[in-house]
Amino acid sequence: MASVSAFTTTAVSSDGLTDESDIVKPRTVSFCRESNEVIISLNNQPPDATVRRDNTFLGELELRLAATYVLDAVSGRSVQFYTTDKAIRFYTLYHHPILKWMLSFFVVLNLALVLFERPAVPNLELPYWATMVIEVSCIGFFLFRFIHGWSFTLNFWRDEKNIIVLVTIILICIDMLSFLVQAVFGVAVNAVRWSRAFRPLFIVNFAEGRQIRRAFRNIRRTLPNIINVLVLFFITIAIFAVMATKFFEDRLVLILF
């Protein structure tokens, strides 16, 4: 653990001299690299920290908010959230490593369902109710994550990514209900799960997918400058593909027959 020793905040008096402040008291601040946590000592916390007077200390809420801003700076996050005590606790819990790993797990599991749903990989197909149970658990966690982020985020509905997540969840639920009704009435043999195409949207529209969004954004910005080179490259591949088809056409016929 990398520890920062206790510090004393000083204030400048009217005559230009620095005097020790009566409001800010010395506190020990430490930073744990393993868990990325900022620890601030509250040993001299007054009984009622919500009411600040000339002789009171900094409240626990202000210190927790400052520690959250420090962690945001270390992690490269820029999320506007409410500064109430409850919102700060929810925000800290939202970025807990366990919840992040759980989100990654459910995203991968949701994408892997295509291997087990009909038409599935040979010998891997599962009954429709098994895949439905797995998908319901995934959608349930996505919905929990969505509501959790809504509980502390400022201007939550102005972010189009949140709207995309909600619309995707609604469309998947509609598709699941329609498929379940068809399965109950025995007409699910020809049913198609059209909502599979929306599953990758969870990768890029949750907050943890900002690196993937940044990569796609860089590709989109770079593509106009190299489009002429890409066109020439694909034309070259097409020409050589046609030439190879003509050269080896007779040999392929002999092999097949």
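Every value quoted in this text rests on a predicted model; they were computed, and no experiment measured them.

Parameters and conventions
Residues numbered from 1 in each chain as written. Predicted model: local features only at pLDDT ≥ 70, side-chain atom pairs only at ≥ 80, totals over all residues. Heavy atoms only, no water. Helix = DSSP H or I, 4+ residues; strand = E, 2+ residues; numbered from the N terminus. Buried < 20%, exposed > 50% of the residue type's maximum accessible area, 1.4 Å probe, protein only. Contact = heavy atoms within 4.5 Å. Expected span 1.5 Å × (residues − 1). pLDDT = per-residue confidence, 0-100. Core = buried A, V, L, I, M, F, W, Y, C linked by side-chain atoms within 4.5 Å.

(A) The arrangement of the overall build of the protein chain in detail. Summing up its helical and strand segments, the protein chain has eight helices and five strands in all. Considering the protein chain as a whole, with its 257 residues, one finds that 27% of them fall into the buried category. Put simply, of all contacts in the protein chain between residues at least 6 apart along the chain, 54% involve residues at least 24 apart.

(B) Fine view of helix 4 (residues 128–150). Compared with the 33 Å implied by 1.5 Å per residue over 23 residues, the 32 Å span of helix 4 between its first and last C-alpha is a close match. Of the surrounding secondary structure, the elements contacted by the buried residues of helix 4 are helix 2 (85–94), helix 3 (97–112), helix 5 (160–184) and helix 6 (201–205).

(C) Quick peek at the confidence of the model for the protein chain. Looking at the protein chain as a whole, the pLDDT averages 77, with 73% of positions reaching at least 70. Segment residues 1–25: pLDDT under 50, and 42 contacts once partners within four positions in sequence are set aside and those in other chains are kept.

(D) Region of interest: the nonpolar core. Grouped together as the largest cluster of nonpolar side chains are 18 residues, with contacts concentrated most on Leu103, Ile139, Phe142, Val165, Ile169, Phe202 and Phe206. Where this core is concerned, the elements lending two or more residues are helix 3, helix 4 and helix 5. Among the elements that take part in this core, helix 4 stands out by supplying six residues, more than any other. The next biggest cluster of nonpolar side chains, apart from the first, holds seven residues, and it includes Phe81, Ala87, Tyr91 and Tyr94.

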